[in-house]
Amino acid sequence: VSAIAGIAAGASLPPPPSNYGSHAQSPLANQDPQQIIYDVRRFHVDSRGELDEILHHAKSHDLDVWRVTQDDVDIYFPESSTIPNIFQSKNSTALSPSWTPITPVKTLANHPYPTIGTWNLTTIHNCSFHNSFHDWLDISSFMQQMAEDYPDVVRVVRIGRTAEGRDIVGLDIGTRERNKKGKPKNWRKHRTVIQGAQHAREWIATSTALYFAHSLLVNKKERGSMAKLLERMDFTIIPVPNPDGYVYTWEHERLWYKNRQDVVGGGTKCKGLDLNRNWGYEWEPASDHKVCTEWYPGEHAFEALETRAISSYLKWTPNIRAFIDLRSYGQLIMHPFSHSCKAHPKDEENLIEAGLGMAKALTKRHGTHMIAGSLCEKLYSAGGNIIDWVYAEAKVSVAYSVMLRDTGTYGFLLPATMIRPVGEETADMLGYLAKWIKTRHP
C-alpha cells in the first residue's frame, strides 16, 4: 500500500484533467430516448457445440454479445436490419421492442465539479444519492464526502491513472486501533476488495459498490447497515475501475464496453480493449488480430493502464482474503477458472460452498434467484480474466465474479428504481461472505 499515492481524508480529489469535457455536447444528451434504436435477440442452443458456433459467428461479424449461458446467448444488434443471414435461421426470441427507453444522459462538458457535502451520509435509506445513477464527477464527490464525514474509517487512495488522465481511485474502509498519541495504527485485519464496473456500460455494478460502501458507514442500528462487518474485516472498494469508459457512456455511447486507450494492431488503429481479457494469467492474443472488436484483449497482457494499476495494488496490499468483481447481467456467482473448463482451483470445494451460501443469502431479501458455479462452465472459456489472475497470481483464495440483475428484461439498462434493491441484496451476500471467511480465518 505504501507504494500507492494515497489521498488523505480531508484532502481534495484532483480536479478533472484538462481534456475533460472537451466535447461541446453529448450526442445522447438531447436525443429522444425512444429514438435510440436497437434490437437484442436471445438465441437458444441445445449443446455446447451450438453455443460455440453462435459465439464464433458473433465474433466473426463483430457483434456485441451481451450475455451467455449454457442454454442461450443474448446478442445486441444496433438495427434489426443488420442481423447477418447466418443468424436468420437460428432459433431466437426478441428480448426487447425495436427501442427501449434510455434515460438521456447529460453532457459533462459544462458540469461543475461537485461541492463536497451534497448528500446526507448519516442514513442509507434517506440518502438521495442512491435514487439515481451518477456520472463520474458525482461519484468522485460522493467518495470524497465519505472520507471527510468519516475520517477515522475511510480514506481515498489513488490506485493509478488512465490514458485520458483520470485517476483510478478506491475507498479503504476499516476501523483502526490507535497508538498512545492517538494516531491510527496500520490496518492489519483481513481485507476484501470489491470492484465495480470493469465494463463501462455496467452501471449497476458501480452503483452497487457505492451502496455497499455507504452501508459500512451508517449506524449499526439502521436496517441494512453493514457496519458490524468492520469489526472483523477491512474493505477496499473500487467503484469505477474504468473511468474513461464510464465517462464515455455518459457523454457519447451508453453501451460502450471497453476502456478508451488507443490500440493498434494489424495496421489498424482503434479505441479501447476489453479489460477483463487483459489480465496476465493465461492471457490469450486475439486470433484474428481485429483491434476494434468488443472482446479485443490487447497485444499483450496488462497493456491496459487500468489492469496494470489495479494488479499492482492487489499485489502490494497485504492480508487480502477475498476479491469480488461486480458485473452485470445474468444473476450468477462464479469462481475460477475462466481460461479452461478442465482447470479446477485447489480451493474449489470451499468456493462452491461459499458460493452457494452467497446465493442463498442474496435471495432472502427480494427473492432474486442466483446460480453459482465456475466461470468457464457458466459462461465460456476465455483467458486473461481478472478472477483467474487474482486467484492464481495474487494468491487470493476467495475470488468471485458476480453477475447482478437481471436476466434480460432490461439487461445493461436497469432502471434507477433497481439501485436500492440490488444494493440491499448484494450487501446481504457480501455480509454472508465476510462471516464465512471469518470462520475459516479466525
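Residues numbered from 1 in each chain as written. Predicted model: local features only at pLDDT ≥ 70, side-chain atom pairs only at ≥ 80, totals over all residues. Heavy atoms only, no water.

Caption draft 1: Seen up close, the state of the cysteines. Applying the stated criterion to the full structure yields 2 disulfides. Each sulfur of the disulfide joining C270 and C292 lies 2.1 Å from the other. Disulfide C270 to C292: torsion about the S-S bond roughly 120 degrees, handedness right-handed. Of this pair, C270 sits in strand β11 (residues 268–271) while C292 sits in the loop between β11 and α6 (305–316), and the two are 22 residues apart along the sequence. Using a relative accessible area of 42% as the deciding quantity, one classes C292 as partly exposed. Two residues share a disulfide in this structure: C341 and C376, whose sulfurs sit 1.9 Å from each other. Between C341 and C376 the disulfide shows an S-S torsion of about -90 degrees. By sign, it is left-handed. Of the two residues, C341 sits in the loop between β13 (332–335) and α7 (348–366) while C376 sits in helix α8 (residues 375–378), which places them 35 residues apart along the sequence. C341 sits in the partly exposed class, given a relative accessible area of 33%. On the accessibility criterion, C376 (1% relative accessible area) is buried. Sequence-ordered numbering of the bonded cysteines in the chain gives a disulfide pattern of 1-2, 3-4. (Disulfide = S-S within 2.5 Å. Helix = DSSP H or I, 4+ residues; strand = E, 2+ residues; numbered from the N terminus. Buried < 20%, exposed > 50% of the residue type's maximum accessible area, 1.4 Å probe, protein only.)

Caption draft 2: Looking closely at the side chain of N385. Mapped onto the secondary structure, N385 falls in the loop between α8 and α9 (386–392). A distance of 2.7 Å separates the side chain of N385 from the backbone nitrogen of I387, its partner in a polar contact. The contacts of N385, once residues within four sequence positions are left out, are N276, W279, S338 and L375. (Polar contact = N/O pair within 3.5 Å; in protein donor to acceptor, adjacent residues only side chain to side chain. Contact = heavy atoms within 4.5 Å.)

Caption draft 3: Just the sheet that holds strand β4 (residues 72–77), in detail. With antiparallel pairing, the 4 strands of this open sheet are ordered in space as β3-β4-β2-β5. Across the chains shown, the open sheet's two edge strands, defined by having one partner strand only, are β3 (64–68) and β5 (92–94). Strand-to-strand twist in this sheet, taken as the mean axis angle between neighbours without regard to direction, amounts to 25 degrees. In the sheet, strand β2 (residues 39–44) pairs with β4 via 6 bridges, with the strands oriented antiparallel. By the bridge assignment, V40 is partnered in β4 with Y76. Against the sheet, helix α1 (residues 48–60) makes contact with β2, β3 and β4, and its axis sits at roughly 15 degrees relative to β4, the strand it touches most. (Pairing = 2+ DSSP bridges. Axes fitted to C-alpha atoms, helices over the stretch in contact; angles between N-to-C directions.)

Caption draft 4: Quick look at the pattern of salt bridges. All chains considered together, the criterion is met by 22 salt bridges. Its salt-bridge partner being D62, residue K290 comes within 3.9 Å of it at the nearest N-O pair. Here the residue K290 occupies a position in the loop between β11 and α6, and D62 occupies one in the loop between α1 and β3, the gap between them amounting to 228 residues. The exposure class assigned to K290 is partly exposed, which follows from its relative accessible area of 31%. Classification of D62 as partly exposed rests on a relative accessible area of 47%. Here D172 makes a salt bridge to R155, at a shortest N to O gap of 3.3 Å. (Salt bridge = Lys/Arg side-chain N within 4 Å of Asp/Glu carboxyl O.)

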